[in-house]
Structures are given as C-alpha cells and as structure tokens.
Amino acid sequence: MVTARSHPHPLLRTMCPGPSARAVPVQTAPPGSEATHRYDRQMIIPGFGVTAQRRLSQATVLVAGVGGVGGAAATYLAAAGVGRLILVHPGDLEEPDLNRQTLMRPDRVGRSRVHNAADTLRAHHPAVEIVALDRPLDDEAVPELIARADVVVDARHNFPERYLINRLCVRSAVPLVVAAMNATEASLLVVRPGEPCLRCVFPEGDPSWEPLGFPVLGSVAGTVGCLAATEALKIAGGFAEPAVGRLIHLDLWDVDLRALRTRRDPHCPDCGPGPQ
C-alpha cells in the first residue's frame, strides 16, 4: 500500500496522497486527466489503470547511484511516469563507464555523472521532475530526502554505502529495492518495513569485494536495473505484489534464476528491536 507523505523540503513540492492499493479493472485515461497518451499501453494492464498511473504521478523515488544499474532503473521509472526522481551520485563520468551507463554521453567525459543522467532524462521525459545531487551518500541532506521518498532504489557498488541506505530506510520506514550485479550475475532484494532488511540477509557483507574492480557486462547491469524499476513501480503505484521476503539471484551466463526465502534476524543492528 502506498502511504501519504508530506514533502516540505525545499527541493521537493508537496505531494498529494494516493488512494489505497486495490485491484482495478482495465481503464483508459479520462479526458483532461493528467495521464497522457504516453502511458496508454501500461494503463490497459489489468489491475493497473488510471489509479496506479495517478499514484505514480504523485510519487517520489530516490535512486542512489546512476551507473549501469541505477541508470537503467531511473530510465524506466521516468518512462513509466513517476512524478519525481531524486538522483544521488558523486563524481564525474569516466570513459570505462560507457559500456553500461546508457544515460551518459561520450562528449561529457570528465563532467558530473548525475547531472549528465539528469539532462538525458529531462530531454526524454519533460513531465518528470528530476532532482540531481552530485553528493556522497553520507551528505547531510540525504537522510531527509530518503525519509520523504515513497521508495528508494539502491544501486551503489559497495557494502558500506548499501548498509547506510538500508539503515536510513529502516529508520524512516521507507521501502527499499536493492539491486546489484557482478559479471553475469545479478541480485535483487525488496525490503519493506517489518520485513528482512539487507543487513539481515548479508550481515557481514563481503570482505573480498572490490567495489571499483568488479567485472561488468552492460546488458546484465541493465537487466537488474529494469527489475529494480519494476519492483519500485509496484510499490509506488500500488499494483501487483513486490518480491518481498525473497532474495532474487539471476545468472545470465546460463539464464538461471533462483528466489531464496529470507528471514529477519532478531539481533539485526539495523532492523532489530534494540537501539539502532
């Protein structure tokens, strides 16, 4: 269910609450509605319709990381008509990024990656409000922005930042979609309040992980980014059933997909009952 949230932060406008999630019949956009013909094909999906489209138009989604995974997620969130995207990513574009980061342009190598992504999204989706922050995840503005989002997509590349995002989402009761990839493998985890969080599933992280040296096939990054966008759209639009309580693992080397059940750790430092 989508919960109403107030957005007094100066970067954001006030949001209107959407109706509670429910199944709706196939509908078309009423004349003069905020939905344009751009979204006609998704509004004829049974259980989606004008109701889900209206929720999406009122939703705020924060995407942490706009590389191969986050860029693909942001692309399809904007294409679906999410009203407001907040993109957070520090640093400039480098040439090795171009094998997977489809929002980027080669003539902008050496310039801000997040502003590059925002410019591309604005050109293709002018009705979507794009807020771009070229800042690290531990910037003082980030906790408030996460707290005022309807859902967060974590597409960062290391466990310290992922744990920080997880902790902030848990504390603010904001749903989180975690997406990751390595070579031809990809993982997806959806966290809602009261469900197993990232720290429950990966309590130790991976000490051998090389955050800037792992192999990347761009199509794999795009695949898991699209999956993450779909889960975020389900949550923000209040339709279908998100993949909560399961760790989705996909290996595109031989197209092997597994869904592993997760469970909450009663002693989790992030979502456990003790002081956080």
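Residues numbered from 1 in each chain as written. Predicted model: local features only at pLDDT ≥ 70, side-chain atom pairs only at ≥ 80, totals over all residues. Heavy atoms only, no water.

The backbone phi angle of Ala240 is positive, close to 60 degrees, even though this residue is not glycine. With respect to the helices and strands, the residue Ala240 is situated in the loop between helix H8 (218-237) and strand S7 (246-251). Residue class for Ala240 comes out exposed when judged on its relative accessible area of 55%. One non-glycine residue, Val255, lies in positive phi territory at about 50 degrees. Following the sequence through the fold, Val255 ends up in the loop between S7 and strand S8 (256-261). (Helix = DSSP H or I, 4+ residues; strand = E, 2+ residues; numbered from the N terminus. Buried < 20%, exposed > 50% of the residue type's maximum accessible area, 1.4 Å probe, protein only.)

With the rule as written, the count across this model stands at 14 salt bridges. When the shortest N-O distance is used, the salt bridge between Asp154 and Arg162 registers 3.1 Å. The buried category is assigned to Asp154, whose relative accessible area is 0%. A salt bridge links Lys234 to Glu231, with the shortest nitrogen-to-oxygen separation between them at 2.9 Å. Placement of the pair is Lys234 and Glu231 together in helix H8, with a separation of three residues, close to one helical turn. For the pair formed by Lys234 and Glu231, the shared burial category is buried. (Salt bridge = Lys/Arg side-chain N within 4 Å of Asp/Glu carboxyl O.)

In this section: the pairing of strand S4 (residues 151-154). With burial as the criterion, each face of S4 is covered, one bearing Val151 and Val153 and the other bearing Val152 and Asp154. Across four bridges, strand S1 (residues 60-64) lies against S4 in parallel orientation. Pairing of Leu62 across the sheet is with Val152, part of S4. Pairing of S4 with strand S5 (residues 176-182), which is carried by three bridges, proceeds in the parallel orientation. If you follow Val153 over to S5, its bridge partner there is Val177. The β-α-β motif built from S4, the intervening helix H6 (residues 159-172) and the parallel element S5 has right-handed crossover chirality. (Pairing = 2+ DSSP bridges. Right-handed = clockwise from strand over helix to strand, strands pointing away.)

Now for H8. Here H8 contains 20 residues, and its C-alpha end-to-end distance of 28 Å stays within 8% of the 28 Å for a straight helix at 1.5 Å per residue. Among the 20 residues that make up H8, 14 are buried, leaving the element largely enclosed by the rest of the structure. Following H8 by one or two positions, Gly238 has its phi on the positive side, about 70 degrees. (Expected span 1.5 Å × (residues − 1).)

Note that every value here comes from positions in space, so none of it alone points to a role or purpose.
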